[in-house]
Amino acid sequence: MSIENSGKPVTLTIDGKPVQAHSGEFLLAVAQRAGITIPTLCHHPALEPYGGCRLCVVDVTEEGWDGWCKMVIACQFPVKEGIIAFTASERVIETRRVVLDLLLARCPDTPLIQRLAREYGIEKTSYVPNPNPTDCILCALCTRVCDHIGVSAIATVNRGIGREVAPPYHQPPPDCIGCLACAEICPTDYIPYTTSSTSRTIWGKSFEMLRCPTCGRAHITVEQARHFAGHGGVSEDYFTTCDACKRKQMAGTFQRLQGVLPAAAPPAR
Amino acid sequence: MRIESPAAFAEFRKSAQAKLAQRRAEVLVCCGTGCLANGAAAVAEAFAATLDGSATEVKTFTKRTGCHGFCERGPLVVLRPAGILYTKVKPRDVKEIVDKTLKGGTVIPRLLYKEPTSGQRIEHYQEVPFYKHQTRVAMRRIGHIDPTDFEDAIAHGAYGGLVKALGMTPEEVLREVEISGLRGRGGAGFSTARKWRSCRNAKGERKFVLCNGDEGDPGAFKDRSIMEGDPHSVLEGMIIGGWAIGAHEGIIYVRDEYPLAVVNLTLAIQQARDAGLVGQNILGSGFAFDIRISRGGGAFVCGESSALMRSLEGKVGEPRAKYVHATDRGLYDLPTVLNNVETWADVGAILEHGGAWFAAMGTTKSKGTKAFSLVGKVKNTGLIELPMGMTLRQIIYDIGGGVLNDRPFKAVQTGGPSGGCVPEALLDLPVDYEKLTEAGSMMGSGGMIVMDDRTCMVDVARYFLKFLTEESCGKCVPCREGLHQMLAMFDDLVAGRGKPGDIERIERLSRGMQLGSLCELGKSAPNPVISTLRYFRDEYVAHLERRECPAGICRDLTTYEIMPETCDGCHACFKACPVEAITGKVKELHVIHQDKCIACGACYDACPTQAIRFLPKHQLAARGVA
């Protein structure tokens with residue numbers, strides 16, 4: 001198969017239903033748009049597909065393949081004209097079951113995994129449950145979002161079953177800006193952090209908070225403001241006022257322009 | 001010296017050959033890794049020292065060559081032109097060889113290879129069964145040349161294929177490779193010509209030619225020997241590949257555990273660059289191609305193509321989905337051809353002799369020859385190359401000399417951790433890509449591990465699982481968690497802790513891993529399990545249901561005892577026992593003390609009268625002997 005990322009309109013079949021798409025689009029997005037649910041764990045629409053959880057496996061065949069199907073992952077499979085996909089064939093379901101069974105052994109106490117496993121008829125893992133239960137499913141969403149915003153403070157380290165997400169040498173990561181993107185994106189809330197009006201701590205590193213001069217809320221770390229100012233080409237001062245207050249101020253400006261509110265001295269920045 | 005044109009190349013080759021012809025005789029000392037480990041360096045030094053003084057008299061030169069293949073009998077010395085093979089040569093034999101054979105013209109029977117069945121001494125290496133049945137293409141120059149001597153390689157035909165290729169259009173080169181039927185020697189067997197053509201047709205100015213030298217399967221060392229013994233054959237193939245697909249950059253990915261390969265390849269690239277065979281305007285053709293080496297950090301998974309490319313990019317060597325082929329988007333997302341060391345080594349010969357010549361060897365779908373590392377319980381371990389389609393029996397018995405100590409043959413494992421075990425019933429299976437796959441194994445890297453009756457198939461499967469558990473990158477769930485759980489079940493099986501339903505659980509997990517894993521490492525990881533279950537299911541049942549290891553290997557299930565009626569008190573077992581669990585005086589009955597015995601089986605293997613037997617541990621326990 002060659003790449004057909006031309007984006008020309010194509011028609012494919014998912015679970016017997018004709019679906020319109022553009023060639024090169026990923027099957028998962030196409031299916032979702034058509035209202036067909038495919039389970040995922042390591043997928044996030046804002047990030048490049050990863051292909052680690054293997055939960056979105058589907059069977060794909062084409063006219064002339066004589067019924068032979070190949071199993072692919074929907075999140076990363078580019079569609080093209082005429083492909084026929086089955087998102088819930090017997091072996092697709094069975095493969096997902098094996099994956100969930102294995103994940104349940106790794107994360108026996110994790111509600112998200114318990115719920116998904118139950119959806120596939122698994123109440124209890126058939127394997128040896130992890131003696132040290134963890135909530136980390138190694139979906140790498142945290143490390144990928146960290147890469148995505150240009151920080152790369154954490155990464156997956158070690159091989160095989162010893163793989164884990166960690167900052168370099170398990171020390172407080174020098175590059176971390178304390179943005180909490182990793183903790184926010186984590187589907188199992190595995191990454192711990194504390195945040196208060198004066199400071200924030202994540203990955204063993206503490207951050208000083210900037211307070212919004214208008215509302216007084218501690219809303220961003222100093223490092224965060226510096227990082228985004230550097231990337232966005234704006235001054236660090238831009239980040240001192242919190243988003244909520246900035247929105248309010250902007251709304252006020254518009255209303256004054258429209259004569260709803262009387263003119264006032266420009267708000268302090 | 002830069003060679004500017006094909007005519008100048010022909011001239012250069014002629015003078016190199018003439019220089020070689022002046023030597024009256026050559027002493028070829030195998031300096032492959034196996035022979036070096038057995039002291040070949042000292043042998044070569046002794047020859048050089050002895051011959052240097054008398055060089056004028058006998059005009060004999062010492063040559064340190066790459067691996068001759070017959071590692072079992074190393075250090076190996078071949079005397080040319082007579083072709084006399086001396087095996088297991090020690091430095092102290094050197095003077096005698098020089099005096100008696102080189103000067104006196106008589107052979108030394110003691111050093112000749114002795115045919116185990118007839119006891120006959122064989123003089124010429126071509127007559128030795130180990131070599132007689134082989135046909136060497138990828139390894140055509142190994143053992144004949146000094147891999148560090150550029151002129152020697154040229155005199156023996158190196159770059160002859162390149163000269164021809166550059167005189168052809170890229171399309172003609174592609175067609176020649178197509179005719180040859182060459183398929184990937186890394187194991188998957190994809191058509192080389194098809195791969196090249198897709199890459200040639202791919203859009204993009206910048207393309208890459210890569211060589212996979214990350215050979216990591218336990219028991220495989222053919223790529224190592226090629227890179228060490230004839231590095232120019234790899235370079236030649238890559239330059240031809242570059243010409244055919246329109247690439248100007250080549251990278252050889254070599255594992256860092258192959259230091260000699262790195263040294264010899266580095267030197268070869270330098271020599272080729274100095275001669276104008278690598279770099280700008282190769283042989284005046286206007287074609288430019290450069291090659292560099294990248295050393296791998298020792299992760300097995302980096303032999304997987306997408307992981308190898310990530311590693312070359314300086315990223316973590318982890319695979320990614322390959323719905324878009326590397327020939328379209330490979331290294332740095334640019335069109336890339338990745339071939340195995342052996343594939344590249346074949347290319348030069350194919351261009352030199354023609355695709356039809358190569359296609360005349362082999363079977364309908366698998367053409368040419370294939371290199372194998374023949375290891376395990378076989379008499380002649382070593383490196384071999386033979387036409388596709390030879391049967392396993394011919395390989396193991398005719399070339400390999402049969403099973404070590406003439407024990408019964410049980411199975412042969414091919415294809416490394418991704419392969420499977422082929423049982424005795426399939427010994428007449430012709431070896432090619434399709435036939436091995438049908439048998440539940442695969443060609444893989446060309447590792448061939450022979451196993452005798454003292455091999456437990458559950459233990460074998462467990463060994464490969466353990467290897468892969470350590471080498472899985474851990475990116476995807478089925479491979480990371482699946483291997484971990486699978487190994488846990490095998491650990492239980494060999495320790496007699498298996499639970500009802502374990503075999504079914506293993507089969508179900510195998511299927512899930514095959515279908516669900518990201519890359520071939522995970523997809524093929526269950527192969528050793530599935531193939532041993534297919535042919536040796538009764539052994540699994542014995543371990544699980546009866547807590548017995550039929551081969552007497554699994555230590556937790558096995559115990560050894562001496563049969564008083566057969567023991568003649570020879571004391572051999574006493575000497576073999578590593579833990580002093582055996583007592584007894586010479587010519588008296590010996591006894592194994594079960595409290596000390598670790599069930600390693602060393603006594604069993606040492607006993608000349610078969611007075612030691614093994615039995616399931618629970619039987620001994622039932623007798624009240626704990």
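Residues numbered from 1 in each chain as written. Chains lettered and ligands numbered in written order. Predicted model: local features only at pLDDT ≥ 70, side-chain atom pairs only at ≥ 80, totals over all residues. Heavy atoms only, no water.

Student: Would you mind showing me how to read the packing of aromatic side chains here?
Tutor: Note on aromatic pairs: each is described by the distance of the centres and the angle between the planes. Evaluated as defined, the whole model comprises 22 aromatic pairs over all chains. In this structure, Arg255(B) packs its charged tip against the face of Tyr258(B), placed 5.3 Å from the ring centre. Seen from the ring of Tyr50(A), Lys475(B) lies directly overhead, with NZ or CZ sitting 4.6 Å from the centre. (Phe/Tyr/Trp six-rings, centres within 6.5 Å; stacked < 30°, edge-to-face > 60°. Lys NZ or Arg CZ within 6 Å of the ring centre and 35° of its normal.)

Student: When you look at the interface of chain A and chain B in this model, what are you seeing that I'm missing?
Tutor: It is common to give the size of an interface as the accessible area lost on bringing the parts into contact. Every contact between the two is made by 37 residues of chain A and, on the other side, 34 residues of chain B. Joining chain A to chain B, the criterion identifies four salt bridges. With its nearest N and O atoms 3.5 Å apart, the salt bridge here joins Glu471(B) to Arg159(A). Seen at the junction of chain A and chain B, the total is 15 residue pairs in polar contact (both at pLDDT 80 or more). Of all the secondary-structure elements, those providing two or more residues to the side of chain A that touches chain B are strand E4 (70–73) and helix H2 (90–106) of chain A. (Contact = heavy atoms within 4.5 Å. Salt bridge = Lys/Arg side-chain N within 4 Å of Asp/Glu carboxyl O. Polar contact = N/O pair within 3.5 Å; in protein donor to acceptor, adjacent residues only side chain to side chain. Helix = DSSP H or I, 4+ residues; strand = E, 2+ residues; numbered from the N terminus.)

Student: Would you mind going over a nonpolar patch on the surface with me for this structure?
Tutor: Residues and elements named next belong to chain A. A surface patch of nonpolar side chains, amounting to about 370 Å² of accessible area, comprises Met 250, Phe 254 and Leu 257. Note on placement: Phe 254 falls in helix H7 (residues 243–257). Given a relative accessible area of 48%, Phe 254 falls into the partly exposed group. (Patch = residues over 30% accessible without salt bridge, like charges linked within 9 Å, V, L, I, M, F, W, Y side chains within 5 Å. Areas by Shrake-Rupley, 256 points an atom, 1.4 Å probe, with all protein chains shown as cover. Buried < 20%, exposed > 50% of the residue type's maximum accessible area, 1.4 Å probe, protein only.)

Student: What's the story with the pattern of salt bridges in this structure? I'm lost.
Tutor: It is possible for side chains bearing opposite charge to pair when their charged atoms get close. All names here are of chain B. This model, assessed by the stated rule, comprises 56 salt bridges over all chains. Among the salt bridges present, the one from Lys 370 reaches Glu 342, with a minimum N-O distance of 2.8 Å. Of the two residues, Lys 370 sits in strand E11 (residues 369–376) while Glu 342 sits in helix H14 (residues 341–353), which places them 28 residues apart along the sequence. Here the two residues Lys 370 and Glu 342 agree in accessibility, since each one is buried. Between Lys 499 and Asp 492 there is a salt bridge, and its shortest N-O distance comes to 3.4 Å. Residue Lys 499 is classed as partly exposed on the basis of its relative accessible area of 38%.

Student: How do you make sense of the sheet that holds strand E13 (residues 409–414) of chain B when you look at a structure like this?
Tutor: By way of backbone hydrogen bonds, the strands of a sheet pair with one another, either parallel or antiparallel. All names here are of chain B. Pairing in this open sheet of five strands is mixed, and the strands run E12-E11-E15-E13-E14 from one edge to the other. Two strands bound the open sheet, and with one partner strand each, they are strand E12 (382–387) and strand E14 (420–423). On average, each strand axis in the sheet is tilted by 30 degrees relative to the strand beside it, whichever way the strands run. Alignment of E11 against strand E15 (residues 447–452), held across four bridges, turns out to be parallel. Note on E15: the bridge partner recorded for Val 375 is Ile 449. (Pairing = 2+ DSSP bridges. Axes fitted to C-alpha atoms, helices over the stretch in contact; angles between N-to-C directions.)

Student: Where do I start with the domain arrangement of chain A in this structure?
Tutor: Residue and element names in this part refer to chain A. Domain assignment breaks chain A into domain 1 (9–88) and domain 2 (141–255). For domain 1 and domain 2, the distance between their C-alpha centres works out to 34 Å. Residue-level contacts link nine residues of domain 1 with seven residues of domain 2. Surface buried jointly by domain 1 and domain 2 totals about 580 Å² across both partners, of which 60% is contributed by carbon and sulfur atoms. Applying the counting criterion to the domain 1 and domain 2 interface returns three residue pairs in polar contact (both at pLDDT 80 or more). (Domains from an automatic or database assignment. Buried area = accessible area lost by both parts, 1.4 Å probe.)

Student: Explanation requested: unusual backbone geometry in the structure shown.
Tutor: Only a minority of non-glycine residues have a phi that is not negative, and only a minority of peptide bonds are not trans. A cis amide bond, omega -5 degrees, links Gly74(B) with the succeeding residue Pro75(B). When you line up the elements, Pro75(B) lands in the loop between strand E2 (60–65) and strand E3 (77–80). That bond from Arg80(B) to Pro81(B) is cis: its omega, 10 degrees, falls within 30 degrees of zero. Unlike most non-glycine residues, Leu180(A) shows phi in positive territory, near 70 degrees. In this structure, Leu180(A) sits in the loop between strand E7 (164–166) and helix H5 (181–185). One non-glycine residue, Asp333(B), adopts positive backbone phi at about 60 degrees. Topologically, Asp333(B) is positioned in the loop between helix H13 (305–312) and strand E10 (336–340). With relative accessibility at 39%, the residue Asp333(B) sits in the partly exposed group.

Student: Hey, could you run me through helix H1 (residues 6–21) of chain B in this one?
Tutor: Note that an α-helix has 3.6 residues per turn; residues three or four places apart therefore point the same way. Residues and elements named next belong to chain B. Its 16 residues give H1 an end-to-end C-alpha distance of 22 Å, which sits within 8% of 22 Å, the value for a rise of 1.5 Å per residue. Inspection of H1 places Phe 9, Phe 12, Ala 16 and Leu 20 among the buried residues, and these make up the whole buried set. Projected onto a plane normal to the axis of H1, the buried residues spread over an arc of 75 degrees and lie on a single side. Residues of H1 that are exposed and point more than 90 degrees away from the buried face comprise Ala 7, Glu 11, Lys 14 and Ala 21. Elements that come into contact with the buried residues of H1 comprise strand E1 (25–30), helix H6 (150–155) and helix H7 (160–166). (Expected span 1.5 Å × (residues − 1). Arc of directions from axis to C-beta.)

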